[in-house]
Amino acid sequence: MEKQKLPNSTLILVFGILSIVTCCCYGVLGLILGIITIVLAKKATALYAENPELYSGFQNVKTGKILAIIGIVLSVLYLIMTIWAVSTFGWETMQDQELMQQRIQEMMGS
């Protein structure tokens, strides 16, 4: 009997990579992709656990899940940093580079 490719194994790997790449989009996009990847990986792992001899491509699922976890952590950190910056400096300051430099200098005590 020929092994079938595990459903969504390539998609899980691609989404795991994209969750890391997109973590700098204010943290939101990477977080969403990471959570979707974890859910898909959980379903694929359960399917593989039932009949491991029927499926191939489980390595992609494991790698994608690890990448998704890394992407989620990076996205959460970036999201926290963004929320801190907006709450500290304000959205208008974040848009104006000169005003941002002045606020940072004021914070540093210069």
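What you are looking at is a predicted structure, and each value in this text was computed from that prediction instead of being measured.

### What about the environment of L29?
With respect to the helices, strands and loops of the structure, L29 is situated in helix α2 (residues 28–50). Residue classification places L29 among the partly exposed positions, given a relative accessible area of 39%.

### Here we look at the packing of aromatic side chains
According to the stated counting rule, one finds three aromatic pairs in the structure shown. Between the aromatic rings of Y48 and F58, the centroid separation amounts to 4.2 Å while the plane-to-plane angle is 5°, which identifies the pairing as stacked. Remark: F58 occurs in helix α3 (residues 58–89) and Y48 occurs in helix α2; sequence separation between them is ten residues. For Y48, a relative accessible area of 22% translates into the label partly exposed. Assessed through its relative accessible area of 17%, F58 is described here as buried.

### Thoughts on the state of the cysteines
A full pass over the atoms with the stated rule returns zero disulfides. Cysteine C23 remains unbridged, with the sulfur of C24 as its closest cysteine sulfur at 3.9 Å.

### Topic: the side chain of T22
Position of T22 relative to the elements: it lies in the loop between α1 (9–21) and α2. Look past the residues within four positions of T22 in its chain and what remains in contact with it is L29, G30 and L33.

### Considerations on unusual backbone geometry
Positioned with a positive phi, N8 is a non-glycine residue whose angle comes to about 65°. Its place among the elements puts N8 in the loop between β1 (4–5) and α1. Of note, the phi angle at Y26 is positive, near 60°, even though the residue is not glycine. For Y26, the position within the fold is in the loop between α1 and α2.

How each quantity is defined
- Residues numbered from 1 in each chain as written.
- Predicted model: local features only at pLDDT ≥ 70, side-chain atom pairs only at ≥ 80, totals over all residues.
- Heavy atoms only, no water.
- Helix = DSSP H or I, 4+ residues; strand = E, 2+ residues; numbered from the N terminus.
- Buried < 20%, exposed > 50% of the residue type's maximum accessible area, 1.4 Å probe, protein only.
- Phe/Tyr/Trp six-rings, centres within 6.5 Å; stacked < 30°, edge-to-face > 60°.
- Disulfide = S-S within 2.5 Å.
- Contact = heavy atoms within 4.5 Å.

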